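Observations on the three-dimensional arrangement
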Amino acid sequence: MKTDDKRLKIMSMLIECENLSKSYQSRAVLNGISLSIPAGKRIALMGPSGSGKSTLLNCLGGVDRFDTGSILIGGVRLEDADADTLSRLRRKTVGTVFQFFHLLPTLSVWENIAFPLLLNGVSSDTARQKAFELAERVQLGARAHAFPDQLSGGEMQRCAIARALASSPQILLADEPTGNLDSVTGETILDLLDTLTREANITLVMVTHSEAATRICDEVLHLLDGRLLENSSRS
Ligand SMILES: Nc1ncnc2c1ncn2[C@@H]1O[C@H](COP(=O)(O)OP(=O)(O)OP(=O)(O)O)[C@@H](O)[C@H]1O
Ligand SMILES: [Mg+2]
């Protein structure tokens, strides 16, 4: 590929990761990861426990720092970004559903959903209204005043999805959104993710252990010992 063509291809990617590596206490966890994801694409990330899936997702979302390599996401080059830029990226461009939800325990369902909107300077009335709308969308309207410790796993997961989507992000990073749920609840969550990401043309990177969950994705990437396997795409 000519240099100009290559540059054009990179510019058209919403997520571009090149030769990414990260170690913990000199143990390599990510080992030269390169991937390109265009806007609107939905990617499943699979691999054994400990293979680096959450670490990769957290690096892409600007939550974890990495040692070497480069990530361009939503127009931000992460290795050059300062703390303010990273926090703006996380508040506006990238929504994250964490593996263990990370709901704020002292806030109710609707307050958890409204929280990122308030951080973005949305007025409290508008944030409240949008939070209740989103709670309805994820079928938590009747539980909007409940607190996280009063919710089932599936309800917590739906609350975390609503919160991640509150600021209308271009990109959704979801870490095992159906992990620890029974298969019927997992299917409901998947249908919800499918509908919500399709409607707003959101680019999705979803970590999953479930082959069935990949049905909502265009492509499956396999990670093993911090490396992406060759030819792991299915499309
Ligand atoms: N803060 C940390 N300090 C040291 N090692 C860590 C830390 N976080 C993760 N690791 C290690 O990095 C490796 C990758 O962890 P990661 O959480 O990315 O795995 P994963 O693929 O998401 O696994 P799982 O499917 O169990 O969630 C693991 O061996 C883990 O023990
Ligand atoms: Mg994980």
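Data block above holds the structure.
Residues numbered from 1 in each chain as written. Chains lettered and ligands numbered in written order. Predicted model: local features only at pLDDT ≥ 70, side-chain atom pairs only at ≥ 80, totals over all residues.

1. Let's talk about the overall build of the chain
Quick reminder of the rule: Helix and strand definitions follow DSSP, with helices as H or I runs of at least four residues and strands as E runs of at least two, each counted in order from the N terminus. Here the globule rule reads 2.2 Å times residues to the power 0.38, and the radius of gyration is calculated from C-alpha atoms. Whether a residue is buried, exposed or partly exposed follows from its count of other C-beta atoms within 10 Å of its own C-beta, namely 20 or more, 12 or fewer, or something in between, respectively; the C-beta atoms are built from the backbone. For the purpose of contact definition, each residue receives a C-beta atom placed from its backbone, and two residues are in contact when these atoms lie within 7 Å.
A count of helical and extended segments in the chain gives seven helices and 10 strands. At 18 Å, the chain has a C-alpha radius of gyration in line with the 18 Å of a compact globule built from 235 residues. If you line up the chain on its principal axes, its C-alpha atoms span 55 × 40 × 35 Å. Burial statistics for the chain: of 235 residues in total, 37% are counted as buried. For the chain, the share of sequence-separated contacts (at least 6 apart) that also reach a separation of at least 24 residues comes to 68%.

2. Remarks on the sheet that holds strand β6 (residues 94-97)
Keep this limit in mind: For two strands to be treated as a pair, DSSP must find no fewer than two bridges joining them. Lines fitted to C-alpha atoms define the axes here, with helix axes fitted over just the stretch in contact, and angles between the N-to-C directions of these axes take values from 0 to 180 degrees.
Taken together, six strands build an open sheet; the order of strands is β6-β7-β8-β3-β9-β10 and the sheet is mixed. Bordering the open sheet on either side are β6 and β10 (227-228), each of which pairs with just one other strand. Sheet topology places strand β3 (residues 42-46) next to strand β9 (residues 219-224); four bridges connect them, and they run parallel. For I43, the partnering residue across the bridge sits in β9 and is E219. Packed on one face of the sheet, helix α2 (residues 53-60) meets β3, β7 (171-175), β8 (203-207) and β9 and runs near 155° to β8. Against the sheet, helix α6 (residues 153-165) touches β6 and β7, its axis set at about 170° to β6.

3. So, the packing of α6 against helix α7 (residues 183-199)
The cut-off we apply is this: Any angle between 65 and 115 degrees counts as roughly perpendicular, while under 35 counts as roughly parallel, over 145 as roughly antiparallel, and the rest as oblique. Residues were grouped as follows: Ala, Val, Leu, Ile, Met, Phe, Trp, Tyr, Cys and Pro as nonpolar; Asp, Glu, Lys and Arg as charged; and all remaining residues, including Gly, as polar.
One way to put it is that α6 packs onto α7 with a least axis distance of 10 Å and a crossing angle of 10°. As far as their axial angle goes, α7 and α6 are roughly parallel. Between α6, through G154, Q157, R158, I161 and L165, and α7, the contact on the second element is made entirely by T185, I189, L192, L193 and L196. Looking at the contact of α6 with α7 residue by residue, the classes come out as six nonpolar, three polar and one charged.

4. Observations concerning the pairing of strand β2 (residues 27-38)
As a general feature of sheets, a regular strand has side chains that alternate between the two faces. By the bridge criterion, nine bridges tie strand β1 (residues 13-24) to β2 in an arrangement that is antiparallel. Bridge pairing in β2 links K22 to L30. As consecutive antiparallel partners, β1 and β2 are separated by two residues, and within that stretch Q25 has a phi angle of approximately 45°, a positive value.

5. Concerning α2
Counting buried residues along α2, seven of its eight residues qualify, which places the element largely inside the surrounding structure. Just downstream of α2 lies G62, where phi reads positive at about 75°.

6. Notes on the site of ligand 1
Defined as follows: Whether a residue is near a molecule or strand depends on its C-beta atom, placed from the backbone, lying within 6 Å of it.
Taken together, Y24, V29, G47, S49, G50, S51, G52, K53, S54, T55 and Q99 make up the full set of residues near ligand 1. Top element by residues in the shell around ligand 1 is α2. It accounts for three residues. The class makeup of the residues in the shell around ligand 1 is two nonpolar, eight polar and one charged.

7. Things to note about the pairing of strand β4 (residues 68-73)
Where β1 and β4 come together, five bridges link them in antiparallel fashion. Bridge pairing in β4 places E16 opposite L72. Relative to strand β5 (residues 76-77), β4 runs antiparallel, the two sharing two bridges. Across the sheet, the residue bridging to L72 is R77, located in β5. Taking the residues between adjacent antiparallel strands as the criterion, β4 and β5 are bridged by two residues, where G74 takes a positive phi near 55°.

8. Describing the sheet that holds β5
What links the strands of a sheet is backbone hydrogen bonding, and the strands pair in either a parallel or an antiparallel sense. Across the sheet, which stays open at both edges, the four strands sit in the order β2-β1-β4-β5 with antiparallel pairing between neighbours. Only two strands of the sheet have a single neighbouring strand rather than two, namely β2 and β5.

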